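# Reading the structure
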Amino acid sequence: MNLAFWKKNNEGQPKKKKSAIREWFDAAIFAIIAATLIRTFIFEAYTIPTPSMEKTLLVNDFLFVSKISYGPRIPMTPLAVPFTHHTLPFTKYSKAYSEAVHWKYRRLPGFSDVKRYDVVVFNFPEGDTVALENQDQSYYQMVRAYGRETVWEQNHVISRPVDKRENYIKRCMAVAGDTLTIKDGVVFINGQQAPIPPESERRYWVTTTGDALNPSRLDEMDIDAGTDGPYDSAKYRYNLTPAAAATLKSWPVVTNLVPFVNPNPEEVAVFPHDTAHYHWTEHNFGPLYIPKKGATVKIDATTIAFYDRIISVYEGNKLENRNGQIFINDQPATSYTFKMNYYWMMGDNRDNSLDSRYWGFVPEDHVVGKAWLIWMSYGKGSIRWSRLFRTIK
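The notes below deal with the structure included here.

### Quick word on the environment of Pro 272
- Position of Pro 272 relative to the elements: it lies in the loop between strand E12 (254-259) and strand E13 (285-289).
- If near-sequence neighbours (up to four positions away) are discounted, Pro 272 is found in contact with Tyr 278, Trp 280, Ala 305 and Phe 306.

In structure tokens:
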């Protein structure tokens, strides 16, 4: 039986050819859909904008970020202009997305969880609120420094959903369930010293016999001779990798070389921003527990500063302090059980990085992917050929 007897018989008639415009349109639509699926579920291109990961990653390194390593995150704000993040091209403030539709956090299975010492791309946790005229600064740091009224008077302040916040890239130093401590700039995880990335940098005091260091040799070692100093005729402060520090220490003109450690807690505003109970600095910090899904912690006047943002912002509860008594969702609380895993991220350029030491934990729903491969790099007016197709460790 001919089941298609109802179809019009067009046999013998020439097939209508698509116009060139229609063919280009169809090809463009297919390319946009394919590229969007790849960008969302497999990998995404990313550019290093700041020196916070030097010398592991350099400004103007172009990376591929693997979405499948930790599992692709389903878009939480699905209505958006293709190939944009949060702002339309050629505009300063126009949103590239609509919040008319919002999906809850979901992630497809990946090859692994976030591991210690992975280089991770994530959405900036404090990026939920943004001062548009100063987008390169944390809104909350600005409020702590200048006051809320001043910030709102001088800026257009907006909110952003999780997946439309700025992308940051740092190294994961501690995962959920770990305890982190920093002693004189050295990181310890669960009581054990963490590995020092070989291309990481930190500041050192360099004391000489009084003779100047050879600027040509410093340039050969990619050390900026004008980085920070001289403080007097024989004392300098440089940002150095471990290898550069060892080489510099061997020079006859160098009499002493020691890491710089900030002794003044008042000079920096580090997490948890509770100077009544904690006098930590970026170099001496902790011990601090990294929250784990299902774990329960005690909350009181001395610990609530660690977890107030987790409870109220990241996990969406109503948090109040009523005359010293903590209430969660209008119920008195002395403990809290976490709904997500959290991570502690730090830049490899330890003394030139805005990282978890200043704004705290990274929730798992903020994780974008794992930094995988440098596919292009340029600096000082030319391509850095030696960095091309280098995997990131």
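### Points about the packing of aromatic side chains
- Per the stated rule, a full pass over the model turns up 28 aromatic pairs.
- Measuring from centroid to centroid gives 5.6 Å for Phe 124 and Trp 359, while their planes differ by 75 degrees, and the two rings are edge-to-face. Taken together, the residues Phe 124 in the loop between strand E3 (119-123) and strand E4 (129-131) and Trp 359 in helix H7 (residues 356-359) connect sequence positions 235 residues apart.
- The exposure class assigned to Phe 124 is buried, which follows from its relative accessible area of 5%.
- Assessed through its relative accessible area of 3%, Trp 359 is described here as buried.
- Of the aromatic side chains, those joined through ring pairs into one cluster are Phe 271, Tyr 278, Trp 280, Phe 285, Phe 306, Tyr 307, Tyr 314, Tyr 336, Phe 338, Tyr 342, Trp 344 and Phe 361.

### Comments concerning the side chain of Arg 73
- Relative to the assigned elements, Arg 73 resides in the loop between strand E2 (61-66) and E3.
- Of the side chains bearing the opposite charge, Asp 163 lies closest to the buried Arg 73, which forms no salt bridge; the N-O distance is 5.5 Å.
- Of note is the side chain of Arg 73, whose polar atom sits 2.8 Å from the side chain of Asn 123.
- Sequence-distant contacts of Arg 73, defined by excluding residues within four places in its chain, comprise Thr 40, Tyr 105, Arg 106, Arg 107, Asn 123, Val 162, Asp 163, Asp 365, His 366, Val 367 and Val 368.

### Considerations on the pairing of strand E15 (residues 319-322)
- Pairing of E15 with strand E16 (residues 325-328), which is carried by 4 bridges, proceeds in the antiparallel orientation. Opposite Leu 319, over in E16, you have Ile 328 as the bridge partner.
- What sits between E15 and E16 in their antiparallel hairpin is a turn of 2 residues, with Asn 323 showing a positive phi close to 55 degrees.

### Considering the pattern of salt bridges
- For the structure shown, the criterion picks out 18 salt bridges.
- Residues Asp 355 and Arg 357 are paired through a salt bridge, measuring 2.9 Å at the closest nitrogen-oxygen approach. Accessibility classification places Asp 355 together with Arg 357 in one group, the buried group.

Rules used in this analysis
- Residues numbered from 1 in each chain as written.
- Predicted model: local features only at pLDDT ≥ 70, side-chain atom pairs only at ≥ 80, totals over all residues.
- Heavy atoms only, no water.
- Helix = DSSP H or I, 4+ residues; strand = E, 2+ residues; numbered from the N terminus.
- Contact = heavy atoms within 4.5 Å.
- Phe/Tyr/Trp six-rings, centres within 6.5 Å; stacked < 30°, edge-to-face > 60°.
- Buried < 20%, exposed > 50% of the residue type's maximum accessible area, 1.4 Å probe, protein only.
- Lys, Arg positive; Asp, Glu negative; His and termini not counted.
- Salt bridge = Lys/Arg side-chain N within 4 Å of Asp/Glu carboxyl O.
- Polar contact = N/O pair within 3.5 Å; in protein donor to acceptor, adjacent residues only side chain to side chain.
- Pairing = 2+ DSSP bridges.

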